[in-house]
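Secondary and tertiary structure notes
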Amino acid sequence: MMQIKTVGKKIVQALSMAIVIIEIVIIAVLVITKMSGGVPSLFGHNFYVIASPSMSPELEVGDIIVSKKYDGGELAVGDVVEFVGKSGEIKGKLITHKIVSITGEGEDRVIVTKGTANTEPDAPITPNDIVAVMKYKTVVIDKIFALITTTPGFICLVMLPLAAIIISEIVRLAIDIKREKDGGQDNE
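Residues numbered from 1 in each chain as written. Predicted model: local features only at pLDDT ≥ 70, side-chain atom pairs only at ≥ 80, totals over all residues. Heavy atoms only, no water.

**What to know about the overall build of the protein**
The following threshold applies: Segments assigned H or I by DSSP are reported as helices when at least four residues long, segments assigned E as strands when at least two residues long, and all are numbered from the N terminus. Buried, partly exposed and exposed residues are distinguished by accessible area as a fraction of the type maximum, computed with a 1.4 Å probe on protein chains only: under 20%, between the cut-offs, and over 50%, respectively. Working rule for contacts: check all heavy atoms of both residues, and any pair within 4.5 Å makes them a contact. Computed with a 1.4 Å probe, the accessible areas rest on the Shrake-Rupley method; for each residue, only the protein chains presented here act as cover.
The helix and strand inventory of the protein stands at three helices and seven strands. Along the chain direction, N to C, the helices and strands of the protein fall in the order α-β-β-β-β-β-β-β-α-α. Of all 188 residues assigned to the protein, the portion counted as buried reaches 26%. Pairs at least 24 apart in sequence give 48% of the contacts found in the protein among residues at least 6 apart. In the form shown here, the protein has an accessible surface area of approximately 12,200 Å², with 65% of it arising from carbon and sulfur atoms.

Here's what the structure looks like:
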């Protein structure tokens, strides 16, 4: 019975450690990608931080949305898309706006987008200009991500738990070594 408890405890510890390591790796990849100026991406989905109030109240500044890379599939009026702006103050910037109209067929489609808080639509774009299509807005990740991108937040949410794991493993290893040493002396 004692052996089953020990095996079960070791399995739970291993699974817990694996989950923590996976979480740390995912968060680290997202933070490093964001800090290097890239778009954080995981399993074909991009994470975008809303930077302007143009989509308010649907999307607020600081919200994080998860979008699937656009592969040339169907688009519909009402879809929220990420694209590179073509003119004016949005030229060259990655923009997240809603599709308000689509005309034409295939690659000849002309797409008009607009921020929900904006009065004027954006300059027309084509499907080739679309980078990704929004799938959903995160609920909690945006708060964690905003905290983690600050130095104190990164230390509190990543480095301290990682240090605690390392210290607990060192203590466990020291206890195991001491037990083996004490057990070896009793047998002599």
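**Regarding the side chain of Arg109**
So the rule is basically this: For the purpose of charge, His is not counted, nor are the chain termini; Lys and Arg are scored as positive and Asp and Glu as negative. The term salt bridge refers to a side-chain nitrogen of Lys or Arg lying within 4 Å of a carboxyl oxygen of Asp or Glu. Pairs of N or O atoms are called polar contacts if they sit within 3.5 Å, as long as, within protein, a hydrogen donor faces a hydrogen acceptor (for residues adjacent in sequence, only side-chain-to-side-chain pairs).
You can see Arg109 is positioned in the loop between strand 5 (94-103) and strand 6 (110-114). For the buried Arg109, no salt bridge exists, and the shortest N-O distance to an oppositely charged side chain is 4.7 Å, to Glu74. A polar contact of 3.5 Å, which involves the side chain of Arg109, links it to the side chain of Tyr70. Here Arg109 is in contact with Tyr70, Gly72, Gly73, Leu75, Ile102, Thr103, Gly104, Ile125, Thr126 and Pro127, once residues within four sequence places are set aside.

**A short note on the pairing of strand 4 (residues 80-84)**
The line we're drawing: For two strands to count as paired, DSSP must find a minimum of two bridges between them.
Extensive coverage of strand 4 is indicated by the burial of four of its five residues. In terms of strand pairing, strand 4 meets strand 5 through five bridges, oriented antiparallel. Looking at strand 5, one finds that Val80 is bridged to Lys98. Where strand 4 meets strand 7 (residues 130-137), three bridges bridge the pair, whose relative direction is antiparallel. Along strand 7, the bridge assignment pairs Phe83 with Ile130.

**Here's the deal with unusual backbone geometry**
With omega at 5°, the peptide bond leading from Ser56 into Pro57 counts as cis. Tracing the chain through its elements places Pro57 in the loop between strand 2 (45-49) and strand 3 (64-69).

**Some words on the environment of Pro161**
Within the secondary structure layout, Pro161 lies in helix 3 (residues 151-187). According to the relative accessible area criterion, Pro161 is partly exposed, its value standing at 32%. Distance in space between the C-alpha atoms of Pro161 and Ile24 is 9.3 Å, their sequence separation being 137 residues. Once residues lying within four places of it in the same chain are set aside, the contact partners of Pro161 are Ile155 and Cys156.

**Digging into the nonpolar core**
Convention followed: As used in this record, nonpolar core signifies buried Ala, Val, Leu, Ile, Met, Phe, Trp, Tyr and Cys residues forming a set joined through side-chain atoms within 4.5 Å.
Core analysis: the largest hydrophobic core is formed by eleven residues, namely Tyr70, Leu75, Val81, Phe83, Ile90, Ile95, Ile99, Ile111, Ile125, Ile130 and Val133. Secondary-structure elements contributing two or more residues to this core are strand 4, strand 5 and strand 7. Aside from chain neighbours lying at most four places away, what touches Ile99 is Leu75, Ala76, Val77, Gly78, Asp79, Val81, Ile111, Val112 and Thr113. Counting residues in hydrophobic clusters, the runner-up holds eight residues, among them Ile50, Leu59, Val80 and Ala132.

Note that every value here comes from positions in space, so none of it alone points to a role or purpose.
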